[in-house]
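Residue-level structure breakdown
As a plain string of letters, each chain reads:
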Amino acid sequence: MTDVSDGVLHTLFHSDQGGHEQVVLCQDRASGLKAVIAIHSTALGPALGGTRFYPYASEEEAVSDALNLSRGMSYKNAMAGLDHGGGKAVIIGDPERIKTEELLLAYGRFVASLGGRYVTACDVGTYVADMDVVARECRWTTGRSPENGGAGDSSVLTAFGVFQGMRASAQHLWGDPSLRGRRVGVAGVGKVGHHLVEHLLEDGAEVVITDVRQDSVRRILDRHPSPSGVTAVADTDALIRVEGLDIYAPCALGGALNDNSVPVLTAKIVCGAANNQLEHAGVEKDLADRGILYAPDYVVNAGGVIQVADELHGFDFERCKAKAAKIFDTTLAIFARAKEDGIPPAAAADRIAEHRMAEARRP
């Protein structure tokens, strides 16, 4: 008998990553699809979360990511005031090499088989055009193009929400929500990050950028040639050490705040679009001990999920933008709760979200 004590079942049933309602392992040999759909909670309604397409080093890593991301979606949707639980899907593989229409259709059939318990959308490695394909097999698909009845690119409101979180952080720390004259470092200037840069420049901030994809960096530098207020550095390690950095915005993959980065971080505020920025429990305390204000990621990056949730009821951009603007007030409320309870903001956000989910479970 195979020992699974250190495998997927152990992770699901016995670790801190567990507690999920349902995890579905999907495989379609004809198209090459290998995917994981994780439903963390449906206490507030159908689970809602994007589909990440990524070349994971192992199946175990993919499962772990799906579990972490889906749990984060439960908290994000709760804090955003949505009537949705948390779910997430990951497709294993390099999207630039294996993504095909056949594969996306097969994935859509798996999502459809859940009968609406999980509603999918875009994430890293998937785009509006991909959701249009998935929707051909699954009506529980959001993030589609306007031509196909959808809301289009959700990264626009994701960036807007992060910007509101930054303004709230500035208000809390410096007594003024304006970012004029502040130096902001943005790590990852892809789908969300490049929109965030535009908001920052419009508000008068000085922006330092980096990205593993040089074409993403070049796109911004070409759009804003010197002396526009945008400069670039080689990598994230250089960015977090930039002298005089006021705000650090992780906008790529998770785990950006860890035992190596926090001790050398020069910024006074961390507020970014990436999911699961805290690599492990305890990092939020390390930030607080260094006097660094952390705006919880799943609170400030909720603009995108606000948009795709609205798509299910007939999309209205201005209505969604007004909801995303409330991230400013939500972030301030979290900082106030953290101060009142004597805990880091991440713990305060968790308490508020957990209370909403617990109330929803009551008969």
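To be clear, the structure that these remarks concern was listed above.
Residues numbered from 1 in each chain as written. Predicted model: local features only at pLDDT ≥ 70, side-chain atom pairs only at ≥ 80, totals over all residues. Heavy atoms only, no water.

Here's the deal with the overall build of the protein chain
- Helix and strand content of the protein chain: 15 helices and 12 strands.
- The principal-axis extent of the C-alpha atoms belonging to the protein chain is close to 55 × 45 × 45 Å.
- Looking at the protein chain as a whole, 54% of its 363 residues qualify as buried.
- Taking contacts inside the protein chain between residues at least 6 apart in sequence as the whole, the part at least 24 apart equals 66%.
- Taking the average place of the 36 positive charges on the side chains of the protein chain and the average place of its 48 negative ones, the gap between the two points comes to 4 Å. (Helix = DSSP H or I, 4+ residues; strand = E, 2+ residues; numbered from the N terminus. Buried < 20%, exposed > 50% of the residue type's maximum accessible area, 1.4 Å probe, protein only. Contact = heavy atoms within 4.5 Å. Lys, Arg positive; Asp, Glu negative; His and termini not counted. Charge placed at Lys NZ, Arg CZ, Asp CG, Glu CD.)

What about the packing of helix α14 (residues 327-341) against helix α15 (residues 345-361)?
- Across the interface, α14 lies against α15 with an axial gap of 8 Å and an inter-helix angle of 105°. Between α14 and α15, the angle is such that the two are roughly perpendicular. Of the residues in α15, those touching α14 at Ile-334, Phe-335, Arg-337, Ala-338 and Asp-341 are Pro-345, Ala-348, Ala-349, Arg-351 and Ile-352.
- Taken together, the residues of the contact of α14 with α15 sort by class into seven nonpolar, no polar and three charged. (Axes fitted to C-alpha atoms, helices over the stretch in contact; angles between N-to-C directions. Parallel < 35°, antiparallel > 145°, perpendicular 65-115°, else oblique. Nonpolar A, V, L, I, M, F, W, Y, C, P; charged D, E, K, R; others polar.)

What about the nonpolar core?
- In this structure, Met-166, Leu-179, Val-186, Leu-196, Val-197, Leu-200 and Ile-209 are the most contacted members of the largest nonpolar core, which totals 41 residues.
- Elements represented by at least two residues in this core include exactly α6 (155-174), β7 (183-187), α7 (193-202), β8 (206-210), α8 (214-223), β10 (247-250), α12 (303-311) and α14.
- Take this core: its biggest share by element is five residues, from α6.
- Among all residues touching Leu-179, those that are not within four sequence positions of it are Phe-163, Met-166, Ala-170, Leu-200, Asp-203, Gly-204, Ala-205 and Ile-247. (Core = buried A, V, L, I, M, F, W, Y, C linked by side-chain atoms within 4.5 Å.)

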